[in-house]
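Residue-level structure breakdown
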Amino acid sequence: MILRFAFFVREKYSYIIISSLVAGIVVGFYTSYPGMLLRQFSVLFVVVMIASMGFTITFRSFALALKDFKGFSVGMVLNFVFAPIICFALAFAVPQREIAVGLILIGAVPCAGMAIVWAGLLDGNVPLAVVINTGTMLLAPFFIPIIMLWLAGSYVKINTLAMLLNLIYTILLPVIAGMLLRELAERKTDVKKYLPLCPAISSLCAAFLMFIAVNTSMPVILKNINLLPPLLASTVAIFPILFAFAYFLSSRLFDRAKNIAITYSCGMKNLPIALAIAIMSFGSLTALPIAVAFAFQMLTAVAFYRIYRAKGGGLSV
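Along the chain, the regular secondary structure elements total 15 helices and 0 strands. For 317 residues, the compact-globule formula gives about 20 Å, and the C-alpha radius of gyration of the chain, at 18 Å, lands near that figure. Oriented by its inertia axes, the alpha-carbon framework of the chain measures out at about 50 × 45 × 40 Å. For the chain, long-range pairs separated by at least 24 residues make up 84% of all intrachain contacts whose partners lie at least 6 apart in sequence. Summing over all exposed atoms, the chain offers an accessible surface of approximately 14,000 Å²; the carbon and sulfur share of this is 71%. Averaging the locations of the 22 positively and 8 negatively charged side chains of the chain gives two centres separated by 5 Å.

Following this line, the structure appears as structure tokens:
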């Protein structure tokens, strides 16, 4: 029953996220009280979400980075240098400072865990995707404050030390705790059959964070409806650019399997983490472009899936 539930959440993830987005909008037309109420538990949602992600990572998978340093390095540069700069450039299109910060935050966060799933569906190099995912997750608490100070410091005041400590408590420690828990659990039982439950838990926490962000932003949106066109225009451009650049660069440096892994690991961003940071460190309006980005990221991932499928290989979904 539990595994069926986990499979259902994984298969319907995009619908769950979009439903949460729609619910936040619809309820927000009348009241933002539900979002304000749930926001009291936002740190709990974040910690559970990140710890669940950490449980899917092993210390052995991170050690694989040493065997493919070139692929790992390209993944780190695309995630922590190229993506933030692209999002910073697109932020000039929006007039609202808080929304611009949200766009930059999308580029600063680690890659999405779903990138591993897409790499597997397309017969890509899954170990490389795991290495990039693990590396970005563990390095994110140290890179995100620096990136945000560098690129978003002109928009809002960034307390780098406070953000670093916050990210260590809410991302790094829960990730390590999840990894340690898995190491201990593997000594007593076969944890692989329970692994599908972890993304399901993370997805549900992300859905709650999505609702909180959108619902509490609605009063501001309704008063500033003119913000929507530049917000949508800048957000829709992020993922096609990230995917396309990663695709063309890695196709010239690596074989097809690694090209797939790098394209998805550098084209997709961990939006639940971005959403959590926005809510905890900046505010609901900063979380708005991140909430909108969920749909565009999924659409871009599907589009590139079809491109790879047209060229041959991969599993049909």
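Turning our attention to the pattern of salt bridges. All chains considered together, the criterion is met by 2 salt bridges. Notably, a salt bridge pairs Lys258 with Asp68, separated by 3.3 Å at the nearest N-O pair. In this pair, Lys258 is assigned in helix α13 (residues 256-267) and Asp68 in the loop between α5 (59-63) and α6 (69-91), connecting sequence segments 190 residues apart. For Glu186, the salt bridge goes to Arg182, with nearest N and O atoms at 3.1 Å. Note that Glu186 and Arg182 are positioned in helix α10 (residues 160-186) at a spacing of 4 residues, about one turn of the helix.

As for its position among the elements, Leu151 is in helix α9 (residues 126-152). Sequence separation of Leu151 and Ile168 is 17 residues, and the distance between their C-alpha atoms is 21 Å. Sequence-distant contacts of Leu151, defined by excluding residues within four places in its chain, comprise Pro84, Ile85, Phe88 and Ile104.

So, about the layout of surface pockets. Reported here for the largest pocket is a volume of approximately 1,000 Å³. As for the largest pocket, its lining consists of 46 residues, of which Thr56, Gly113, Ile116, Val117 and Pro199 are closest to the centre.

This part covers helix α15 (residues 284-310). Between its first and last C-alpha atoms α15 spans 40 Å; for 27 residues at 1.5 Å apiece the expected length is 39 Å, and the two agree. At Ala293, α15 shows its largest bend, some 35°.

Of all hydrophobic cores here, the largest spans 103 residues; its most connected members are Met148 and Tyr264. The dominant element in this core, judged by the number of residues it contributes, is α15, at 14 residues. Ignoring sequence-local partners within four residues, the contact set of Met148 consists of Val101, Ile104, Leu105, Ala108, Gly153, Ile158, Met163 and Phe282.

Another point: the side chain of Thr263. Within the secondary structure layout, Thr263 lies in helix α13. Owing to a relative accessible area of 0%, Thr263 belongs among the buried residues under this scheme. The contacts of Thr263, once residues within four sequence positions are left out, are Phe243, Ala246, Tyr247, Ser250, Phe304 and Tyr308.

Scanning the model with the defined rule gives 12 aromatic pairs in all. Residues Phe243 and Tyr264 carry aromatic rings whose centres are separated by 5.3 Å and whose planes lie at 90° to one another, so their mutual orientation is edge-to-face. A residue pair is termed long-range when its members are at least 10 positions apart, and Phe243 in helix α12 (residues 228-253) and Tyr264 in helix α13 qualify at 21 residues. We classify Tyr264 as buried; its relative accessible area is 0%. When the centroid spacing of 6.0 Å and the interplanar angle of 65° are considered together, the rings of Tyr247 and Phe304 count as edge-to-face. In this pair, Tyr247 sits in helix α12 while Phe304 sits in helix α15, placing the two residues 57 residues apart along the sequence. The exposure class of Tyr247 is buried, given its relative accessible area of 11%.

Packing of α12 against α15 brings their axes to within 9 Å, and their N-to-C directions diverge by 35°. The handedness of the crossing between α12 and α15 comes out as right-handed. The residues of α15 that touch α12, namely those facing Leu231, Leu232, Thr235, Val236, Phe239, Pro240, Phe243, Ala244 and Tyr247, are Leu288, Pro289, Val292, Ala293, Phe296, Gln297, Thr300, Ala301, Phe304 and Tyr308. Grouping the amino acids of the contact of α12 with α15 by side-chain chemistry returns 16 nonpolar, 3 polar and no charged.

On to the packing of helix α4 (residues 42-55) against helix α14 (residues 271-282), then. Close contact between α4 and α14 brings their axes to 10 Å; oriented N to C, the two are set at 155°. In terms of axis orientation, α4 runs roughly antiparallel to α14. Where α4 crosses over α14, the handedness of that crossing is left-handed. In this structure, α4 contributes Ser42, Val43, Val46, Met49, Ile50 and Met53 to the contact, and α14 contributes Pro272, Ile273, Ala276, Ile279 and Met280. Residue composition of the contact of α4 with α14, by class: 10 nonpolar, 1 polar and no charged.

Calculation notes
- Residues numbered from 1 in each chain as written.
- Predicted model: local features only at pLDDT ≥ 70, side-chain atom pairs only at ≥ 80, totals over all residues.
- Heavy atoms only, no water.
- Helix = DSSP H or I, 4+ residues; strand = E, 2+ residues; numbered from the N terminus.
- Rg over C-alpha atoms; globule rule 2.2 N^0.38 Å.
- Contact = heavy atoms within 4.5 Å.
- Areas by Shrake-Rupley, 256 points an atom, 1.4 Å probe, with all protein chains shown as cover.
- Lys, Arg positive; Asp, Glu negative; His and termini not counted.
- Charge placed at Lys NZ, Arg CZ, Asp CG, Glu CD.
- Salt bridge = Lys/Arg side-chain N within 4 Å of Asp/Glu carboxyl O.
- 1 Å grid on protein atoms, 1.4 Å probe; cavity = no way out; pocket = protein on both sides within 12 Å on 5 of 7 lines; lining within 4 Å.
- Points joined across faces, edges and corners; volume = space filled by probe spheres on them.
- Expected span 1.5 Å × (residues − 1).
- Bend = angle between axes of the 7 residues up to and from the residue.
- Core = buried A, V, L, I, M, F, W, Y, C linked by side-chain atoms within 4.5 Å.
- Buried < 20%, exposed > 50% of the residue type's maximum accessible area, 1.4 Å probe, protein only.
- Phe/Tyr/Trp six-rings, centres within 6.5 Å; stacked < 30°, edge-to-face > 60°.
- Axes fitted to C-alpha atoms, helices over the stretch in contact; angles between N-to-C directions.
- Left-handed = near helix turned anticlockwise from the far one by under 90°.
- Nonpolar A, V, L, I, M, F, W, Y, C, P; charged D, E, K, R; others polar.
- Parallel < 35°, antiparallel > 145°, perpendicular 65-115°, else oblique.

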